[in-house]
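# Reading the structure
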Amino acid sequence: MQLEIDIINAFTDTQFGGNSAAVIISKEWLSEPLMQSIAAQNNLSETAFLRRRSDSEYQIRWFSPLTEIDFCGHATLAAAFVVFRRHPHLKGLKFFAEAVGDMHIRRNSDGLISMDFPSRSPQPLASIPSDLLEGLSITPTEVLRNNQAYFAIYSAEEDILRLQQDAAKLARLAPYDVVVTAQSKKYDFISRYFWPANGGAEDPVTGSIHTGLAPYWGEKLGKSSLIAYQASRRGGLLHCQLEEERVIISGNAVPYLNGIIDVAE
């Protein structure tokens, strides 16, 4: 069986920046073992699999090299970029995922792709796991959590840039990952994302976690429109807009590869 595959760099306008995601679109779902094997072979943060309902409506699932993921923002952006490129007449799309529901996506006149996600604000914790505190080289000033990750808050963006992780200890926080974040001088806030339990040591750019970061920093800064930077080696820029119980996350994407893979179902 031959499948068309695209690799897209998401949340960047440069060739080798942002976060890479593979995208495969099919009429019917591939088997879960095959999707996981393809994602492991790709060895990218995420491979997005889309089941086509029509030119503008798709079901979407996301797989890291290790496991299926409930929600991935950068691979959603990559998938939308591929669909818009194949159907240039479209201005809007609708994706559906079990854990997220309907996601309305639009292509803006400035080239940004905007994705409408549910807000997932983090909540304070009664107690902080020792593995979290021991797994980060700098002690945070505050720790919260949502259904995806622990949020380690810092008072200085320099702490985010120089912080080191102990991946073995953070992996023991499974199924939760860890995001570290601080207010920024150049942007509204910056972050880094560690996910040794679910995908890898550090994710280059994580769209999904900004459905929690944007509400947190929006309340702290008294803003509904925020610019975020994920300070990984590759780096990524995200535009975040708060609208009641939704977060609109927008970004650029750059194509890297289009090809055919041969697999046996």
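The structure reproduced in this document is the subject of the present report. (Residues numbered from 1 in each chain as written. Predicted model: local features only at pLDDT ≥ 70, side-chain atom pairs only at ≥ 80, totals over all residues. Heavy atoms only, no water.)

## A short note on unusual backbone geometry
- With an omega dihedral of 10°, the bond running from Ala 174 to Pro 175 counts as a cis peptide bond.
- With respect to the helices and strands, the residue Pro 175 is situated in the loop between helix H5 (167–171) and strand S12 (177–183).
- Of note in this structure, Phe 11 is not a glycine but carries a positive phi near 60°.
- Despite not being glycine, Asn 43 has its phi angle at roughly 55°, a positive value.
- Turning to its location among the elements, Asn 43 is positioned in the loop between helix H1 (32–42) and strand S3 (46–54). (Helix = DSSP H or I, 4+ residues; strand = E, 2+ residues; numbered from the N terminus.)

## A short note on the environment of Gly 17
- Residue position: Gly 17 is located in the loop between strand S1 (2–10) and strand S2 (19–26).
- Along the primary structure Gly 17 and Thr 141 are separated by 124 residues, whereas in three dimensions their C-alpha atoms are 30 Å apart.
- Every residue in contact with Gly 17, bar those within four places of it in the chain, is listed here: Asn 9, Thr 12, Arg 234 and Gly 235. (Contact = heavy atoms within 4.5 Å.)

## Side note on the layout of surface pockets
- What the largest pocket holds in volume is close to 400 Å³.
- Around the largest pocket sit 23 residues that line it, and Ile 69, Asp 70, Phe 71, Gln 148 and Asp 177 are the ones nearest its centre.
- If you list the elements that add at least two residues to the lining of the largest pocket, you get strand S5 (68–69), helix H2 (73–86) and strand S13 (189–195).
- Here the residues of the lining of the largest pocket are counted per class, giving 8 nonpolar, 9 polar and 6 charged.
- In this structure, the second largest pocket occupies an estimated 190 Å³ of space.
- If you trace the second largest pocket, you find it lined by Asn 19, Ser 20, Asn 43, Leu 44, Ser 45, Glu 202, Pro 204, Ser 232, Arg 233 and Arg 234.
- Looking at the lining of the second largest pocket residue by residue, the classes come out as 2 nonpolar, 5 polar and 3 charged. (1 Å grid on protein atoms, 1.4 Å probe; cavity = no way out; pocket = protein on both sides within 12 Å on 5 of 7 lines; lining within 4 Å. Points joined across faces, edges and corners; volume = space filled by probe spheres on them. Nonpolar A, V, L, I, M, F, W, Y, C, P; charged D, E, K, R; others polar.)

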